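Letter by letter, the chains look like this.
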Amino acid sequence: MGRADGLPGLQTKYGLRPLPSVILAPALVYEAARHRDVDVIDGYSTDGRIKAYDLRVLRDDRGAFPPYFAAPVVRQAVLAAHPELRAVLEKLAGRISDSVMTELNYRVDYRHETPRAVAHDFLRRGGLWRAPQPATGATLRLGSKIFAEQYILAELYAALIRGYTNLDVVTKTGLGGTSICFEALRTGEIDLYPEYTGTGLLVLLQPTPATVDSLAGNPQAVFDYVQTRFRTRYGLEWLSPLGFNNTYALLMRQQQAEQLHIASVSELGTYLRR
């Protein structure tokens, strides 16, 4: 309700006034939409519940939400000590679209497949799978935040490292939120974890509003900004994004959105002003 990239930003970009609202715990918003208790919710654009509950992601046609492209963030010292690692991690660059990530999340959250099984199946289907090599090298510590998408990404990277190098991998999944993972990486307790460009920009770097506005609507500019600042300020390296953008989004039930001819946030705004 108070974040610049939340309701205030939507009101500024789209003029969504008046917008009757109910504040719900994050775990309840999808269920509220599913059971028709509310008509529009905020959520995440690659959430598995989009598929499970037949929801539509409204197109953010005026760029109210910043890009949240996922990418591995690695300690520079680790890349220097193990130069072969960069090419291995880059094998996933651009390989996972929004719809593919939504499907992978759906399989874990709603079909109750394990993140490791889903990750390995994805690698096999994409021709990237290799059986683990004998672990005769150093041990890398791979972290993640505490939700299914992060578990899947951690398993993807762990499998690639084990299959393409002689390095061993210890996964520390479910560390907690952004600040815990970032501090663990910065202090050397872990060596890499998947992060999102919007989080790196707004939560960790916290530039001035003018800087944020200058980067708005330009995913490459956001990536370049966080990559450069993390490199010089923290000694951490952002590698290439995986391809999907798990940004904030407004969601509606697919059937209702079709009936009302609403596919974008602008069209939602037009409908509310009738």
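Rules used in this analysis
- Residues numbered from 1 in each chain as written.
- Predicted model: local features only at pLDDT ≥ 70, side-chain atom pairs only at ≥ 80, totals over all residues.
- Heavy atoms only, no water.
- 1 Å grid on protein atoms, 1.4 Å probe; cavity = no way out; pocket = protein on both sides within 12 Å on 5 of 7 lines; lining within 4 Å.
- Points joined across faces, edges and corners; volume = space filled by probe spheres on them.
- Nonpolar A, V, L, I, M, F, W, Y, C, P; charged D, E, K, R; others polar.
- Pairing = 2+ DSSP bridges.
- Helix = DSSP H or I, 4+ residues; strand = E, 2+ residues; numbered from the N terminus.
- Axes fitted to C-alpha atoms, helices over the stretch in contact; angles between N-to-C directions.
- Contact = heavy atoms within 4.5 Å.
- Core = buried A, V, L, I, M, F, W, Y, C linked by side-chain atoms within 4.5 Å.
- Buried < 20%, exposed > 50% of the residue type's maximum accessible area, 1.4 Å probe, protein only.

So what's going on with the layout of surface pockets? Residues and values would help.
Taken as a whole, the largest pocket spans an internal volume of roughly 1100 Å³. Along the walls of the largest pocket sit 36 residues, with V22, V40, I41, D42 and L250 positioned nearest its centre. Across the lining of the largest pocket, the residue classes break down as 26 nonpolar, 5 polar and 5 charged.

Explain the sheet that holds strand β2 (residues 55-57) to me, and be specific about the residues and the numbers.
One open sheet holds the 3 strands; their spatial order is β1-β8-β2, and the pairing between them is antiparallel. A single partner strand is all that each edge strand has here, and the edge strands are β1 (40-44) and β2. Going across the sheet, the axis of each strand differs from the next one's by a mean of 40°, ignoring polarity. The pairing of β2 with strand β8 (residues 248-253) spans 3 bridges and is antiparallel. Among the inter-strand pairings, L55 is bridged to a residue of β8, identified as R253. Contacting β1, β2 and β8, helix α2 (residues 26-34) runs over the sheet at an angle of about 135° to β1.

Just give me the short version of the nonpolar core, but keep the residues and values in it.
In this structure, L92 and L156 are the most contacted members of the largest nonpolar core, which totals 37 residues. Counting only elements with at least two residues in this core, the list comes to β3 (70-75), α4 (76-81), α5 (84-89), α6 (98-109), α7 (115-125), β4 (139-143), α8 (148-164) and β6 (192-196). It is α8 that provides the largest number of residues to this core, a total of 10 residues. Residues within four places of L92 in sequence aside, it is in contact with F122, L123, L128, L156, Y157, L160 and L242. Listed in part, the 19 residues of the second largest apolar core include A71, I190, L201 and L236.

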